[in-house]
Amino acid sequence: MEEILAEGKTKAVLTGPRPDTVFLEARHRLTGGDAARVAELEEIGVHKTRQAAASLGYLAAAGIETAFLEQASPTRLLCLACEMIPLEFVVRRFAWGSYLKRNPEAKKPDGTPLRFDDPVCELFHKHSLVLPPASAAAEMMREDEARGLYLRDGTWAEGVFTDPYIATSLETSQELWGLYDQRSPVSGAPLFETKPVLSDAVLQSVFGEIILPAFAALERAWAAVETLHGAVALVDIKFEVGRAPDGKLLLADVVDNDSWRIWPGADPTRQLDKQCFRDGEPLAQVQENYAIVTELTNQFAA
Ligand SMILES: Nc1ncnc2c1ncn2[C@@H]1O[C@H](COP(=O)(O)OP(=O)(O)O)[C@@H](O)[C@H]1O
Ligand SMILES: [Mg+2]
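Bear in mind that the values here come from a model prediction, so they are computed numbers and not experimental data.

Draft legend 1. Summary view of the site of ligand 1. Near ligand 1 lie 15 residues; those nearest to it are K9, T10, K11, L80 and C82. Residue K9 places a main-chain N or O atom 2.8 Å away from an oxygen atom belonging to ligand 1. Between ligand 1 and the protein, one listed contact pairs a nitrogen atom with a backbone N or O atom of L80 at 3.0 Å. In the complex, the protein chains occlude 82% of the 560 Å² of accessible area that ligand 1 would expose alone.

Draft legend 2. Structural detail: helix α5 (residues 200-223). When the terminal C-alpha atoms of α5 are compared, their 32 Å separation across 24 residues agrees well with the 34 Å that a helix rising 1.5 Å per residue should span. When the local axis directions of α5 are compared, the greatest deviation, roughly 35°, occurs at F207. L203, V206, F207, I210, I211, A214, F215, A217, L218, E219, A221 and W222 are the residues of α5 that are buried.

Draft legend 3. View of the state of the cysteines. According to the stated counting rule, one finds 0 disulfides in the structure shown. The thiol sulfur of C79 is not disulfide-bonded, and the nearest other cysteine sulfur, from C82, lies at 7.8 Å. Taking the relative accessible area as the measure of exposure, C79 reaches 4% and is therefore buried.

Draft legend 4. View of the sheet that holds strand β15 (residues 160-161). Spatially, the 3 strands line up as an open sheet ordered β12-β11-β15, and their pairing is antiparallel. The sheet is open, and its two edges are formed by β12 (139-141) and β15, each paired on a single side. Sheet analysis places strand β11 (residues 128-130) next to β12, joined by 3 bridges and oriented antiparallel. By the bridge assignment for β12, S128 is matched with M141. Packed onto the sheet, helix α3 (residues 143-150) meets β11, β12 and β15 and runs at close to 110° relative to β12.

Draft legend 5. Quick peek at the nonpolar core. Ranked by size, the top nonpolar core spans 54 residues in total, and within it L77, F89, I211, L218, W222 and F239 carry the most contacts. When residues in this core are grouped by element, the largest group, 11 residues, is from α5.

Draft legend 6. Quick look at the pairing of strand β7 (residues 76-80). Burial within β7 is extensive, with 4 of its 5 residues counted as buried. The sheet contact formed by strand β3 (residues 21-26) and β7 spans 5 bridges and is antiparallel. Across the sheet, L24 pairs through a bridge with L77, a residue of β7. The antiparallel pairing of strand β6 (residues 68-73) with β7 creates a hairpin that spans 2 residues between the two strands.

Draft legend 7. Expanded view of the pattern of salt bridges. A full pass over the atoms with the stated rule returns 24 salt bridges. A salt bridge links E143 to K9, with the nearest nitrogen and oxygen atoms 2.9 Å apart. Residue E143 is located in helix α3, and its partner K9 is located in the loop between β1 (4-7) and β2 (11-15); the two are separated by 134 residues in the primary sequence. With a relative accessible area of 9%, E143 lands in the buried category.

Calculation notes
Residues numbered from 1 in each chain as written. Chains lettered and ligands numbered in written order. Predicted model: local features only at pLDDT ≥ 70, side-chain atom pairs only at ≥ 80, totals over all residues. Heavy atoms only, no water. Near = heavy atom within 4 Å. Polar contact = N/O pair within 3.5 Å; in protein donor to acceptor, adjacent residues only side chain to side chain. Areas by Shrake-Rupley, 256 points an atom, 1.4 Å probe, with all protein chains shown as cover. Helix = DSSP H or I, 4+ residues; strand = E, 2+ residues; numbered from the N terminus. Expected span 1.5 Å × (residues − 1). Bend = angle between axes of the 7 residues up to and from the residue. Buried < 20%, exposed > 50% of the residue type's maximum accessible area, 1.4 Å probe, protein only. Disulfide = S-S within 2.5 Å. Pairing = 2+ DSSP bridges. Contact = heavy atoms within 4.5 Å. Axes fitted to C-alpha atoms, helices over the stretch in contact; angles between N-to-C directions. Core = buried A, V, L, I, M, F, W, Y, C linked by side-chain atoms within 4.5 Å. Salt bridge = Lys/Arg side-chain N within 4 Å of Asp/Glu carboxyl O.

Quick look at the structure:
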C-alpha cells in the first residue's frame with residue numbers, strides 16, 4: 001500500500017515501488033516568503049516535475065551523484081529514499097536577493113548586478129530559530145511546526161527567523177555554528193549558536209564534490225540555452241543534500257524553477273524563475289514563465 005511519508009509545502013513524499021525508494025509528488029502550488037505567500041496554480045506541478053527531471057537527469061549525466069532515479073508520472077519523481085540534511089546549500093554567480101540585504105555594499109549604484117568571478121557559497125538552516133518575544137526561551141524547530149505556531153495571515157511573529165544564515169566553523173573557527181537573520185548584515189554576536197549539522201571536513205567535501213560541481217554543470221547547461229534576449233544566466237541556486245540508504249551523501253530533493261534565479265541575457269528584468277511569483281506578478285504570467293522554463297530545460301543536452 002502506498003503511504004504518505006511526509007507532506008511538505010509543495011510536494012508529498014510517498015513510499016516507492018521498491019525498498020529504499022520514494023516518490024516525490026509535486027502539488028500544483030507555489031509558495032514564497034517561507035509560505036507567507038501561497039497559491040494554487042493549475043498544472044504547475046507538471047512543469048516543476050518536468051523541470052526537475054530534466055535538471056537532475058542532466059546533472060546525473062554530468063557525473064553528479066543524485067537521489068533522482070526517473071520521472072515516474074507527470075507529477076512524480078522516483079528517488080532514492082534519503083535522510084535529509086536540514087541545510088540549504090546556496091551558490092551565487094551574481095549578488096542579488098537576500099545577499100544584498102546581508103551585504104549592502106555589493107549593491108551597485110547603477111542597479112546592475114555584481115558578478116562574482118568565483119561563485120559564492122552560503123549555508124542556511126532549514127529549521128527555524130524562535131526567540132523571544134515569540135517564545136520564552138530561544139529554540140529551534142522544524143519550519144512546518146513553526147508555521148503552525150507563528151505564521152498568522154501571511155505574517156511571521158516577531159522573533160521568528162526562518163532559514164537563518166549560518167556562520168560555519170569553517171569561517172569562524174568556533175566549535176558551534178552561529179545563526180543570523182538572513183535579512184540583515186552578518187556582524188557581531190550571532191542570534192543563536194547551534195551544534196554543527198555536518199563536520200568541517202564533510203561540509204567541505206559536500207561543497208567541493210557535490211554543490212559546486214552541480215552549480216558549474218547547471219550554469220553550463222543554462223549558458224547553452226539561447227533565447228530572444230541571449231543565453232540564460234544562472235544567477236543563484238539552492239540545493240539540498242540527503243543521506244542515501246547506503247550512507248552516502250547525495251544531491252537530493254529537487255532542482256526546478258523554484259530553486260534558482262535565471263535571467264535571459266543576464267538581465268534581471270527578464271527573470272523567468274519563481275521570483276516573479278514572490279514579486280506578485282499576475283498568476284497567468286507566472287504560469288507562462290513556468291511553461292517557458294519547462295521548454296528550456298527540455299533543451300538541456302544529455
Ligand atoms: N530523496 C528524498 N528522500 C526523502 N525525502 C525527501 C527526498 N527529497 C526530498 N525529500 C523531502 O520531501 C519533503 C517535501 O518537500 P517540500 O514540499 O519541498 O518540503 P518543504 O516544505 O520542507 O520545502 C521535504 O521534507 C524534503 O526534505
Ligand atoms: Mg522545499
